[in-house]
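Here is what each chain is made of, one letter per residue.
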Amino acid sequence: MAKRRIIFRKERAQELGFGGNLTGQRQINKDGSSNIVRKGVHHFSPLNVYHTLVTMTWIKFSFIILMAYLGINLLFASVYYFIIGVDQLGGMQTSTELHKFLEAFFFSAQTITTVGYGRISPSGMTASAVAALESLFGLLAFALATGLLYGRFSRPTAKIIFSNNALIAPFKEGKAFMFKIANARTNALIETEASMFVAYDETVNDKTMRRFQSMKLEIDKISFLALSWTIVHPIDEESALNGITEEDLKAMNAEFFILIKAVDDTYAQQVHARTSYQSQDVIWNAKFRNIIEQTAEGKMAIDIGRIHEYDMVT
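What you see is a predicted model, and the numbers here were worked out from it, not measured in a lab.

K.L.:
In this structure, what is going on with helix 5 (residues 125-154)? I would like to understand it.
P.N.:
Side chains that are three or four residues apart share a direction in an α-helix, a result of its 3.6 residues per turn. Taking 1.5 Å per residue as the helical rise, helix 5 with its 30 residues ought to reach 44 Å, and the 43 Å between its terminal C-alpha atoms agrees with that figure. All buried positions along helix 5 are accounted for by A127, V130, A131, E134, G138, A145, L148, G151 and R152. Buried-residue contacts for helix 5 involve helix 2 (49-55), helix 3 (58-84), strand 1 (89-90), helix 4 (97-112) and strand 2 (121-122).

Right, here's the structure in full:
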């Protein structure tokens, strides 16, 4: 263990922001999100609500919009039914209380969307005032929802696919740690840069701490990400992995952080992507399959669906 400790202490990277106490757990998930639980943060506070609604998943966003729409209409329907009274809504053709409430609900839906009245319309001053207020509220609410939709669609994001596994593969006269990335969209990613760090547990004076170290890449920047890019860390005398075995990586709870940044030519803005590989995600003595081919027309083609494929090396 002493030898491994000396190797991993070479050129230790600066603090990455995770601290030294998060041992025994994954720190960056496969999708690039941080595996940190934030307590005491109110996501729907005035300071965070926009960021929360723009960055949450589409399923959650659609559910919140639907629930907000139903909740607002139920609120105004209750006002029309319980406070104002349905007698101030002319045109009702029902006698049961449930149907009267439903008529008030659909009247509210017509009012808040400003689609115009059908059979039912306000006939009293109070009902007309509430309907006017609801129309104003609807205009503001739908303008806000439209802005959120635009913000979600226009937010520059990278759709970079990472290979499911990293490999320890033959490289030149030795071996290298490598993984593949590819752009899953048809847009152009230019000035693409990659950086990699390794996190591992180290025991000093009977206390286990999380350590971080940068890993030098053979090529850390390309001008144009048109095909796939196999990112390679040569395992040489200066590598943190020099002399490390598969059992060593597991014992140290090693995790490899991958950070990618590029300029999206569509928006002319910088985008980011990240992921991590744990020790169990690393396949030893394997090599990636070639996924680049030539079409019948003589054009270069890449089968992104095969980016995860590899062959074992005997």
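K.L.:
It is not clear to me how the layout of surface pockets should be interpreted in this structure. Could you clarify?
P.N.:
To locate leftover empty space, one rolls a probe as large as a water molecule over the atoms. Reported here for the largest pocket is a volume of approximately 1700 Å³. For the lining of the largest pocket, the secondary-structure elements that each account for two or more residues are helix 2, helix 3, helix 5, strand 3 (160-162) and strand 11 (269-278). Class assignment of the residues belonging to the lining of the largest pocket gives a composition of 14 nonpolar, 16 polar and 10 charged. Lining the second largest pocket are 18 residues; nearest its centre among them are I65, A68, I72, A141 and A145. Counting only elements with at least two residues in the lining of the second largest pocket, the list comes to helix 2, helix 3 and helix 5. In terms of residue class, the lining of the second largest pocket is made up of 17 nonpolar, 1 polar and no charged.

K.L.:
I would appreciate a short explanation of a nonpolar patch on the surface in the present structure.
P.N.:
Taken together, F63, L66, M67, Y69, L70, L74 and F142 make up a surface patch of nonpolar side chains, about 610 Å² in accessible area. Broken down by element, the residue count for the nonpolar patch peaks at 6 residues, all from helix 3. Its location among the elements puts F142 in helix 5. Residue class for F142 comes out partly exposed when judged on its relative accessible area of 38%.

K.L.:
Please explain the pattern of salt bridges as it appears in this structure.
P.N.:
Two side chains with opposite charge may pair up if their charged atoms get near one another. A full pass over the atoms with the stated rule returns 12 salt bridges. A salt bridge links E193 to K221, with the nearest nitrogen and oxygen atoms 3.8 Å apart. Of this pair, E193 sits in strand 6 (residues 189-204) while K221 sits in strand 8 (residues 221-224), and the two are 28 residues apart along the sequence. Note that E246 and K250 form a salt bridge whose closest N and O atoms lie 3.7 Å from each other. Of this pair, E246 and K250 both sit in helix 6 (residues 246-251), separated by 4 residues, roughly a single helical turn.

K.L.:
Looking at this structure, how should I read unusual backbone geometry?
P.N.:
Of all residues except glycine, most have a negative phi; of all peptide bonds, most are trans. Its identity as a non-glycine residue notwithstanding, E191 has a phi of 50°, on the positive side. Looking at where E191 falls in the secondary structure, it is placed in strand 6. The backbone phi angle of N285 is positive, close to 55°, even though this residue is not glycine. The exposure class of N285 is partly exposed, given its relative accessible area of 34%.

K.L.:
Help me understand the side chain of S239 in this model?
P.N.:
With respect to the secondary-structure elements, S239 resides in the loop between strand 9 (229-235) and helix 6. Judged by its relative accessible area of 2%, S239 is buried. In terms of polar contacts, S239 uses its side chain to reach the side chain of H233, at 2.6 Å.

K.L.:
Looking at this model, I keep getting lost on the pairing of strand 9. Mind explaining?
P.N.:
Taking burial as the measure, the 7 residues of strand 9 include 5 buried ones, the bulk of the element. Judged from the 7 bridges that link them, strand 5 (residues 174-183) and strand 9 form a sheet pairing that is antiparallel. Bridge pairing in strand 9 places K180 opposite T230.

K.L.:
Mind showing me how you'd approach the packing of aromatic side chains here?
P.N.:
Two aromatic rings, taken as a pair, are described by how far apart their centres are and by the angle between their planes. Overall, the coordinates contain 11 aromatic pairs when judged by the stated rule. Their ring planes at 50° and their centres at 6.3 Å tell us that F82 and F101 sit as a pair that is tilted. With F82 in helix 3 and F101 in helix 4, this pair connects stretches of sequence that are 19 residues apart. Under the relative-accessibility criterion, F82 is labelled exposed at 60%. Note on F177 and F256: the rings are 4.4 Å apart at their centroids and 35° apart in plane angle, and the pair reads as tilted. Of this pair, F177 sits in strand 5 while F256 sits in strand 10 (residues 255-264), and the two are 79 residues apart along the sequence. For the residue pair F177 and F256, the accessibility class agrees, reading buried in each case. By way of ring pairs, the aromatic residues W58, F61 and F153 are connected into one cluster. If you follow R152 out to its NZ or CZ, it ends over the ring of W58, 4.1 Å from the centre.

Parameters at a glance
- Residues numbered from 1 in each chain as written.
- Predicted model: local features only at pLDDT ≥ 70, side-chain atom pairs only at ≥ 80, totals over all residues.
- Heavy atoms only, no water.
- Helix = DSSP H or I, 4+ residues; strand = E, 2+ residues; numbered from the N terminus.
- Expected span 1.5 Å × (residues − 1).
- Buried < 20%, exposed > 50% of the residue type's maximum accessible area, 1.4 Å probe, protein only.
- Contact = heavy atoms within 4.5 Å.
- 1 Å grid on protein atoms, 1.4 Å probe; cavity = no way out; pocket = protein on both sides within 12 Å on 5 of 7 lines; lining within 4 Å.
- Points joined across faces, edges and corners; volume = space filled by probe spheres on them.
- Nonpolar A, V, L, I, M, F, W, Y, C, P; charged D, E, K, R; others polar.
- Patch = residues over 30% accessible without salt bridge, like charges linked within 9 Å, V, L, I, M, F, W, Y side chains within 5 Å.
- Areas by Shrake-Rupley, 256 points an atom, 1.4 Å probe, with all protein chains shown as cover.
- Salt bridge = Lys/Arg side-chain N within 4 Å of Asp/Glu carboxyl O.
- Polar contact = N/O pair within 3.5 Å; in protein donor to acceptor, adjacent residues only side chain to side chain.
- Pairing = 2+ DSSP bridges.
- Phe/Tyr/Trp six-rings, centres within 6.5 Å; stacked < 30°, edge-to-face > 60°.
- Lys NZ or Arg CZ within 6 Å of the ring centre and 35° of its normal.

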